[in-house]
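Analysis of the macromolecular model
Below, each chain spelled out in residue letters.
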Amino acid sequence: MHPLRDMSIKRKLMLIVMLTSSAALLLACAAFVAYELITFRRTMTRHVSTLADIIGANSTAALTFDDLRAAEETLGALRAEPHIVAASIYARDGKVFAKYLRGDRGGEWSAPQPEEDGHRFGEDHLDLFRWIVLDRERIGMVYLRSDLQEMHARLKRYVGIVIIVMLASSLVAFLLSSKLRQVISAPIMHLAETARVVSVEKNYAVRAVKQSQDELGLLIAAFN
């Protein structure tokens, strides 16, 4: 704290304004980014849930009549969803009935064991399980895995926006504080210079000019 304590009043005021404005803006940006990411995750979950409901509704006949081809064609419609990495349809006994793998994911893929109806986020994916119901009876389950590339891309854009806003705001705060700090620092510097003249030259007739009626004005009046 010694360098800060010995710093000139002009620099102290500049530093206080810059730090305060930057901290407040950073907190606001962090809250905005967090809110947007939470909202995006919810929206993404609803979208994948809707896809699972559609796949499930279109798979009831395939499961009922053990039509593997129809189930695979239903899953094949997911090619229109570029972020769906993999999907599978489970039969009533929990065994994999049909599965889908995005084109860029070559090779064999093992579908996970069916879980309870719900979803969970991983480091780079969203897993969602949804029951397939026919006449209020569970006849199977749908599993979808979606990547998080869109969310990561959005996060990168947010970080870039935050950096630009921080730089622009810091520049504006610097320019404003450079102008406004004179309101406080100028009377203090004038008083300090007057005190120096009295001390060095022993000229007790010198008076500081009172520029305001605030605490600095009272200080100058007391000095005079």
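Let us look at the structure shown here. None of the values given here were measured: they were computed from a predicted structure. (Residues numbered from 1 in each chain as written. Predicted model: local features only at pLDDT ≥ 70, side-chain atom pairs only at ≥ 80, totals over all residues. Heavy atoms only, no water.)

With respect to the overall build of the chain
Each helix and strand in the chain was counted, giving 5 helices and 5 strands. Residue burial in the chain is summarised as follows: out of 224 residues, 30% are buried. Nonlocal contacts in the chain, meaning residues at least 24 apart in sequence, comprise 56% of its contacts between residues at least 6 apart. For the chain, the accessible area works out to roughly 14600 Å², and carbon and sulfur atoms hold 61% of it. (Helix = DSSP H or I, 4+ residues; strand = E, 2+ residues; numbered from the N terminus. Buried < 20%, exposed > 50% of the residue type's maximum accessible area, 1.4 Å probe, protein only. Contact = heavy atoms within 4.5 Å. Areas by Shrake-Rupley, 256 points an atom, 1.4 Å probe, with all protein chains shown as cover.)

Quick word on the pairing of strand β2 (residues 96-101)
Two elements, strand β1 (residues 84-90) and β2, share 5 bridges in a ladder whose sense is antiparallel. Residue pairing in the sheet places A86 in a bridge with L101 of β2. Connecting β1 to the antiparallel partner β2 that follows it, the hairpin turn spans 5 residues, and G94 within it adopts a positive phi of roughly 90°. (Pairing = 2+ DSSP bridges.)

Here we look at the sheet that holds strand β4 (residues 125-134)
Spatial ordering of the open sheet is given by β2-β1-β5-β4-β3, a layout of 5 strands whose pairing is antiparallel. Strand pairing shows two members of the sheet lacking a second neighbour, β2 and β3 (118-121), which therefore form its edges. Across the sheet, the mean angle from the axis of one strand to that of its neighbour is 10°, orientation sign disregarded. Summarising the sheet, β3 and β4 pair through 4 bridges and their orientation is antiparallel. (Axes fitted to C-alpha atoms, helices over the stretch in contact; angles between N-to-C directions.)

Details of helix α3 (residues 68-76)
Residues of α3 that are buried include every one of A71, T74, L75 and G76, and no others. Buried residues in α3 make contact with α2 (9-64), β1 and β2. Two or three places before R69, at the opening of α3, D67 has a side-chain oxygen 3.3 Å from that residue's backbone nitrogen. (Polar contact = N/O pair within 3.5 Å; in protein donor to acceptor, adjacent residues only side chain to side chain.)

Let's talk about the environment of E81
In this structure, E81 sits in the loop between α3 and β1. With relative accessibility at 24%, the residue E81 sits in the partly exposed group. Between the C-alpha atom of E81 and that of R102, which follows or precedes it by 21 residues, the distance is 9.5 Å. For E81, the contacting residues outside a window of four places in its chain are H47 and L51.

Comments concerning unusual backbone geometry
Even without glycine at this site, D66 takes up a positive phi of about 55°. Its location among the elements puts D66 in the loop between α2 and α3. With a phi close to 65°, R136 is a non-glycine residue in the positive phi region. By secondary structure assignment, the location of R136 is in the loop between β4 and β5 (137-147).

A few points about the packing of aromatic side chains
Overall, the coordinates contain 2 aromatic pairs when judged by the stated rule. With a centroid separation of 5.9 Å and 65° between ring planes, the pair formed by F32 and Y158 is classed as edge-to-face. In this pair, F32 is assigned in helix α2 and Y158 in helix α4 (residues 149-201), connecting sequence segments 126 residues apart. What makes F32 partly exposed here is its relative accessible area of 44%. Taking the relative accessible area as the measure of exposure, Y158 reaches 12% and is therefore buried. Ring centres of F129 and Y143 lie 4.8 Å apart, and the angle between their planes is 40°; on these two criteria the pair is classed as tilted. Placement of F129 in strand β4 and of Y143 in strand β5 is noted, with a sequence separation of 14 residues between them. Both residues of the pair, F129 and Y143, count as buried. (Phe/Tyr/Trp six-rings, centres within 6.5 Å; stacked < 30°, edge-to-face > 60°.)

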